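Structure at a glance
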Amino acid sequence: MRAIQVTQFGGPEVLVPTELEPPVAGPGQLLVEVGAAGVNFADTHRTDGSYRGGVTLPFVPGVEIVGRTETGRRILSPILETGGGYAEYAVAPANRAVDVPDEVSDGQALALLIQGLTAWHVLRNSARLRAGESVLVNAAAGGVGSIAVQLAKHFGAGLVIATASTSAKRELALELGADVAVDNNPDGYADRIREVTDGVDVVLDSTGGATMLAGLETLSGFGRLVNYGNAGREGRPSIDPSALAQRNLSVAGFWLVPAMDEPGGYVEPLTELLALTAAGKLRPLVGAEYPLEDARRSHEDLLARRTTGKLILKP
């Protein structure tokens, strides 16, 4: 089968097309003919060797797939333990396979698997959003951010503020339901938010670094900031609890992998997201679609911030 294999850690240049033997499904696994594989920021960390938990060389990247089983089921599944999504065939854990409604495209389904579940969890469980509260979403045109903007509205947020790096991305966030969209440049960030509101209840941040600290400045009393990424590659800054106490603030970190193992943390929210999409009440953004052989270009575009919405590879 055709696949992308990484034999040394590095940038996008290490994503090399190759021919490999198809995987064999073991106990509790399904062999899946991959219809599409998702491309994530975490894939770039796996490729350069900086991913939490580590990766063993050589490997085939890709941890989310949609495709057909040998019995014809069209399923969506994470393959976090085995990887191997950047290929024509992959194996998926049977207990993670969720059927995809006909009304939901491959790209939409993949947008919901990691990005959608992350948006659901950070709003529901980490931020514990209450109806009427205000939400500030950083990187609001990205995979998680674009869904978080919509879900925040669906969950009853009173005010949704989006930040993004370009006017086109800010306009997109407004189309998705954000009430206000502002530039995400850390310089003057807090002042731009204060022009909209005196303080926000919840900040969702996937960037880290200076942007995360700027978001912290915008919180009102008892506000909550949830960090779920380091897309800016500046690291996650240290936070002094005594400084948080001055306004009774909370800072939470989120990682999807353990959340999926919590009771009600996987099948139920994913089924909800798929149903909302099938009904036209949620619009997962599908960005560029690349042939499998162009995996390198997909990572280059992602790292250069040239993308919007979910990127997918088509074998």
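Residues numbered from 1 in each chain as written. Predicted model: local features only at pLDDT ≥ 70, side-chain atom pairs only at ≥ 80, totals over all residues. Heavy atoms only, no water.

1. Thoughts on the sheet that holds strand β11 (residues 200-205)
Taken in spatial order, the six strands make up an open sheet running β10-β9-β8-β11-β12-β13, and their pairing is parallel. With partners counted over all chains shown, the strands left at the sheet margins are β10 (180-183) and β13 (250-253), one partner each. Ignoring strand direction, the axes of neighbouring strands in this sheet form an average angle of 20 degrees. Inspection of the sheet shows β11 paired to strand β12 (residues 219-227) by five bridges, in the parallel sense. Across the sheet, valine 200 pairs through a bridge with leucine 219, a residue of β12. The strands touched by helix α3 (residues 143-154) within the sheet are β8 (134-137), β9 (159-164) and β11, with β8 carrying the most contacts at an inclination of about 170 degrees. The sheet contacts of helix α4 (residues 167-175) involve β9 and β10, and relative to β10 the element is tilted by about 160 degrees. (Pairing = 2+ DSSP bridges. Helix = DSSP H or I, 4+ residues; strand = E, 2+ residues; numbered from the N terminus. Axes fitted to C-alpha atoms, helices over the stretch in contact; angles between N-to-C directions. Contact = heavy atoms within 4.5 Å.)

2. Examining the side chain of threonine 277
Among the secondary structure elements, threonine 277 is positioned in helix α9 (residues 267-278). In this structure threonine 277 comes out as buried when scored by relative accessible area, which is 6%. In contact with threonine 277, not counting residues within four places along its chain, are Val104, Gln108, Leu112, Leu282 and Pro284. (Buried < 20%, exposed > 50% of the residue type's maximum accessible area, 1.4 Å probe, protein only.)

By themselves, these figures tell us nothing about what the structure is for.
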